[in-house]
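Descriptive structure summary
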Amino acid sequence: MSTPVIGVLALQGDVREHLAALAAAGAEARTVRRPAELAGVEGLVIPGGESTTMSKLAALFGMLEPLRERVAAGMPVYGTCAGMIMLAEKILDPRSGQETVGGIDMIVRRNAFGRQNESFEAAVEVSGVDGGPVEGVFIRAPWVESVGAEVRVLAEYGGHVVAVRQGNALATSFHPELTDDHRLHRFFTDMVRSAR
């Protein structure tokens, strides 16, 4: 099978780490900043970073509507941390003017696990990912407060939902790109192949 072309939304956040993880997972990884670049990829990662800043930059770069259209049309998309917030239909405590792309019928709470100095790592069992738990890096991480009927919960930590999937949309509260374990990126790369 040919190598899937997967973009990383490169407006803000840990773009370089996702590019490296996707390449290690067998994808051709590209940065995406503009609608023309979005049109050239089969799937997209929305990285961790600062969700309010990312939302404002997406609007500034003319990316919000093209992103919404591609995600609604079924383009595979994977959001980590701030990316999870961007994929939520609703944010419990949005900042003023904060918008989302949507794609997953969930309500997300920003910074739910605490501030930067309360960041932590933990082993997380993710349904559909073989080989034992993944190392979850939680940095000012959100959690999922509630999900709609179409959403599959893939992982929980401390009684809170931290990984979900709805159709071709995947999201995790934590940052797998900050570890040497590329199984979640392989899982997403396989989603992109299957969506062809």
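In case you missed it, the structure is sitting above this.
Read on for a plain summary of the structure.

About the criteria used
Residues numbered from 1 in each chain as written. Predicted model: local features only at pLDDT ≥ 70, side-chain atom pairs only at ≥ 80, totals over all residues. Heavy atoms only, no water. Helix = DSSP H or I, 4+ residues; strand = E, 2+ residues; numbered from the N terminus. Rg over C-alpha atoms; globule rule 2.2 N^0.38 Å. Buried < 20%, exposed > 50% of the residue type's maximum accessible area, 1.4 Å probe, protein only. Contact = heavy atoms within 4.5 Å. Phe/Tyr/Trp six-rings, centres within 6.5 Å; stacked < 30°, edge-to-face > 60°. Core = buried A, V, L, I, M, F, W, Y, C linked by side-chain atoms within 4.5 Å.

1. A closer look at the overall build of the protein chain
From N to C terminus, the protein chain includes six helices and 12 strands. Here the protein chain has a C-alpha radius of gyration of 15 Å; the compact-globule value for 196 residues is 16 Å, and the two agree. Expressed as lengths along the three principal axes of its C-alpha atoms, the size of the protein chain is roughly 40 × 40 × 35 Å. Out of the 196 residues in the protein chain, the part that is buried amounts to 51%. A sequence separation of at least 24 residues applies to 65% of the contacts in the protein chain between residues at least 6 apart.

2. Points about the packing of aromatic side chains
According to the stated counting rule, one finds nine aromatic pairs in the structure shown. Between Phe 113 and Phe 120 the ring centres are 5.6 Å apart and the planes differ by 70°, which places this aromatic pair in the edge-to-face class. Feature note: the residues Phe 113, Phe 120, Phe 138, Trp 143, Tyr 157 and Phe 174 constitute an aromatic cluster, connected by ring pairs.

3. Considering the environment of Phe 174
Counting through the fold element by element, Phe 174 comes out in the loop between β12 (169-172) and α6 (183-194). Sequence separation of Phe 174 and Ala 141 is 33 residues, and the distance between their C-alpha atoms is 6.4 Å. Sequence-distant contacts of Phe 174, defined by excluding residues within four places in its chain, comprise Thr 80, Cys 81, Val 124, Val 126, Val 134, Gly 136, Val 137, Phe 138, Val 162 and Leu 184.

4. A few points about the nonpolar core
In this structure, Leu 38, Leu 44, Ile 46, Ile 104, Met 106 and Val 164 are the most contacted members of the largest nonpolar core, which totals 33 residues. Of the residues forming this core, the biggest block, five residues, is contributed by helix α5 (residues 82-87). Contacts of Met 106, omitting those with residues within four sequence positions, involve Met 84, Leu 87, Ala 88, Glu 89, Lys 90, Val 144, Ser 146, Val 147, Val 164 and Ala 171.

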